[in-house]
Amino acid sequence: IFFTNTLFIYAQESNSDETSESDGCDIPAFSSDDNYNANDKASFENMIYECKPPPRDTWCSSVGYEPGTGIYWDVAWNEVGMVTGPCAEENEDNSADLIIEEDEESHHFFCGLEWGAVSNDCDAAQHCPSGSDDECELPGAVCFGGTTCDSA
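Reading guide: rules and limits
- Residues numbered from 1 in each chain as written.
- Predicted model: local features only at pLDDT ≥ 70, side-chain atom pairs only at ≥ 80, totals over all residues.
- Heavy atoms only, no water.
- Pairing = 2+ DSSP bridges.
- Helix = DSSP H or I, 4+ residues; strand = E, 2+ residues; numbered from the N terminus.
- Salt bridge = Lys/Arg side-chain N within 4 Å of Asp/Glu carboxyl O.
- Buried < 20%, exposed > 50% of the residue type's maximum accessible area, 1.4 Å probe, protein only.

Caption draft 1: Structural detail: the pairing of strand 1 (residues 41-44). The pairing of strand 1 with strand 2 (residues 47-51) spans four bridges and is classified as antiparallel. Bridge pairing in strand 2 places phenylalanine 44 opposite methionine 47. Hairpin remark: strand 1 followed by strand 2, antiparallel, with two residues in the connecting loop; positive phi at glutamate 45, about 45°.

Printed below as a string of structure tokens:
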């Protein structure tokens, strides 16, 4: 019996540096009943998220990858803006809690080729506080959330 391992490397364009020009009122609220594809946008707790390009877009509709919640959301979604204006006023009380939660989670965003390798060598891992792969200097590296590393 002969086994081989194949590593697939995908190039991706990221719009994570772009912020939404909209006030967010036209961005639909995230729903676990909807099917999301690359570049689809959804809002959740006054933030606007965009589903990442392939192959990560396959997770945008999966349980555990809902935007802005849990430790794996950043694998599938980029945070691209904030809901403002009259739409934000409806959820004003929740937005302060969300910002604190994101700050704490961002301490555990680190670049690497594999989540386990990053978590096992925190001293060598590069911190990526926004959760964007664009912050990673190592070619092919991904910004992983929920690592055991802590920048605080």
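Once the structure has been displayed, the description carries forward.
Caption draft 2: Local environment of the sheet that holds strand 6 (residues 142-144). Ordered by their spatial adjacency, three strands build an open sheet running 5-4-6, and the pairing between neighbours is antiparallel. On the outer flanks of this sheet lie strand 5 (126-127) and strand 6, each paired with one strand and no other. Pairing geometry for strand 4 (residues 110-112) and strand 6, over three bridges, is antiparallel. Paired with glycine 112 across the strands is valine 142, a residue of strand 6.

Caption draft 3: The arrangement of the pattern of salt bridges in detail. Tallied over the full model, the rule gives one salt bridge. Of the charged contacts in the structure, one is a salt bridge between arginine 56 and aspartate 133, with a shortest N-O distance of 3.2 Å. In this pair, arginine 56 sits in the loop between strand 2 and helix 1 (73-76) while aspartate 133 sits in the loop between strand 5 and strand 6, placing the two residues 77 residues apart along the sequence. The same class applies to arginine 56 and to aspartate 133, which are both buried.

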